[in-house]
Amino acid sequence: MKKILLPLFSAAVLISCGSSQTSTKSSESAGNVVSKSGKERKAFQKAYESISLESLKKNLTVIASDEMEGRDTGSKGQKKAGEYMINFYKENGISFPKVLGSYYQKVPATYMAKRGGGSLPDSENILAFIEGSEKPEEIVVISGHYDHVGSRNGVVYNGADDDGSGTVAVMEIAKGFNEAKKAGHGPKRSILFLHVTGEEHGLFGSEFYTDNPVFPLANTVVDLNIDMIGRDDPENRGKQYVYVIGSEMLSSQLKVINEAANKNTNNLELNYKYDDPADTERLYYRSDHYNFAKNNIPVAFYFDGIHEDYHKPTDDVDKIDFPLLQKRTQLVFATAWELANRAERIVVDKKK
């Protein structure tokens, strides 16, 4: 998540983007999220369980390695991480939006410079896509930024949590939906897996997408944004929790759906401490979901809080709580499943 200076404080408030194998009990209850046919429940269950701790760890170990040089916006390291992500999608049979023609949406340097991006080079959003079987024109977006802050004084800032954790979560969720599709129960609505660039410098990639949407914003049902979900903060040390922000800002239904999905799966503690646009740390405005929210699209932002390694070279893979990362990823998947498969798209019945 990007950092900002708040005039209310004498120093910068630094915030960043926020599983064991599922127990038999939670695994069984997971199948109850959508009370449809037995075949559909079975497809959900298979997809849910495909979100594996081992795969999350394998992918994050690569994406947050020194080889990626901290994934600064437009850097060689970030591009290398993007190539790895695209190869993952290709290997799993997940394509890109046909209208785009590739997995890449170019974000020009000129666009970022006009918004305070200085001399950043051209960069790219990465988009994977699964077309809906019944309502393909309606789009559920699952997003996370894959950039970080690069290297400083020869030291690589790997950004394992910020936002390597969100990046690999989006990849695993895509794999899960594709498993369901292979089992004959792909999502009824289309799902866009959106990896954005330039978040650390100013939410540039998500702003560029909403300014230049691949699919009409009017057809975009929701954005579930994942920004740091691999750690815990001092306030919640050792707890099975996740912060959720924005889920009832624009729709009276989204929070209810997320809570039901949570209750029927891993039953994490959903913490709403920052779920207020007037909160002094302004987290509602500080990650990529906000560019959707300002366009009147319902959002939910999942993150793990403010921890001691935010924007430090110590944000490394060996500090990730993979069992908790798995559970949080499964929660987003279960929420997205309901949003993609319910009869009616969720309502927008509140003002932004």
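Data block above holds the structure.
Residues numbered from 1 in each chain as written. Predicted model: local features only at pLDDT ≥ 70, side-chain atom pairs only at ≥ 80, totals over all residues. Heavy atoms only, no water.

Trainee: Would you mind showing me how to read the pattern of salt bridges here?
Mentor: Pairing between side chains of opposite charge can happen when their charged atoms approach one another. For the structure on display, the rule yields 16 salt bridges. Ionic pairing is found between arginine 189 and glutamate 138, a salt bridge with its closest N-O pair at 2.6 Å. Residue arginine 189 is located in strand S6 (residues 189-196), and its partner glutamate 138 is located in strand S3 (residues 135-145); the two are separated by 51 residues in the primary sequence. A salt bridge links lysine 182 to glutamate 179, with the shortest nitrogen-to-oxygen separation between them at 3.1 Å. With lysine 182 and glutamate 179 both in helix H6 (residues 160-182) and 3 residues apart, the pair spans about one turn of that helix. Residue lysine 182 is classed as exposed on the basis of its relative accessible area, which comes to 59%. Residue glutamate 179 is classed as buried on the basis of its relative accessible area, which comes to 17%. By sharing partners, the salt bridges in this structure join Arg115, Glu207, Asp211 and Lys294 into a single network. (Salt bridge = Lys/Arg side-chain N within 4 Å of Asp/Glu carboxyl O. Helix = DSSP H or I, 4+ residues; strand = E, 2+ residues; numbered from the N terminus. Buried < 20%, exposed > 50% of the residue type's maximum accessible area, 1.4 Å probe, protein only.)

Trainee: Please explain unusual backbone geometry as it appears in this structure.
Mentor: If a residue is not glycine, its phi is most likely negative; likewise, a peptide bond is most likely trans. That bond from aspartate 162 to aspartate 163 is cis: its omega, -10°, falls within 30 degrees of zero. The topology assignment puts aspartate 163 in helix H6. You will see that asparagine 267, though not glycine, has its phi angle at about 50°, which is positive. One can find asparagine 267 in the loop between helix H9 (254-263) and strand S9 (269-271).

Trainee: What's the story with the sheet that holds S3 in this structure? I'm lost.
Mentor: Sheet strands pair by backbone hydrogen bonding; their relative direction is either parallel or antiparallel. Taken together, 8 strands build an open sheet; the order of strands is S1-S2-S6-S3-S7-S10-S8-S9 and the sheet is mixed. Edge strands, defined here as strands with exactly one partner in the open sheet, are strand S1 (104-107) and S9. Between one strand and the next, the sheet's axes are offset by a mean angle of 25°, whatever the strand orientation. Here 3 bridges tie strand S8 (residues 241-245) to S9, and the two strands are oriented parallel to one another. Bridge pairing links tyrosine 241 to glutamate 269 in S9. Across the sheet, H6 touches strand S2 (123-130), S3, S6 and strand S7 (220-226), and the angle it forms with S3 is around 150°. Relative to S1, helix H8 (residues 204-211) is tilted by about 105°, and along the sheet it contacts S1, S2 and S6. (Pairing = 2+ DSSP bridges. Axes fitted to C-alpha atoms, helices over the stretch in contact; angles between N-to-C directions. Contact = heavy atoms within 4.5 Å.)

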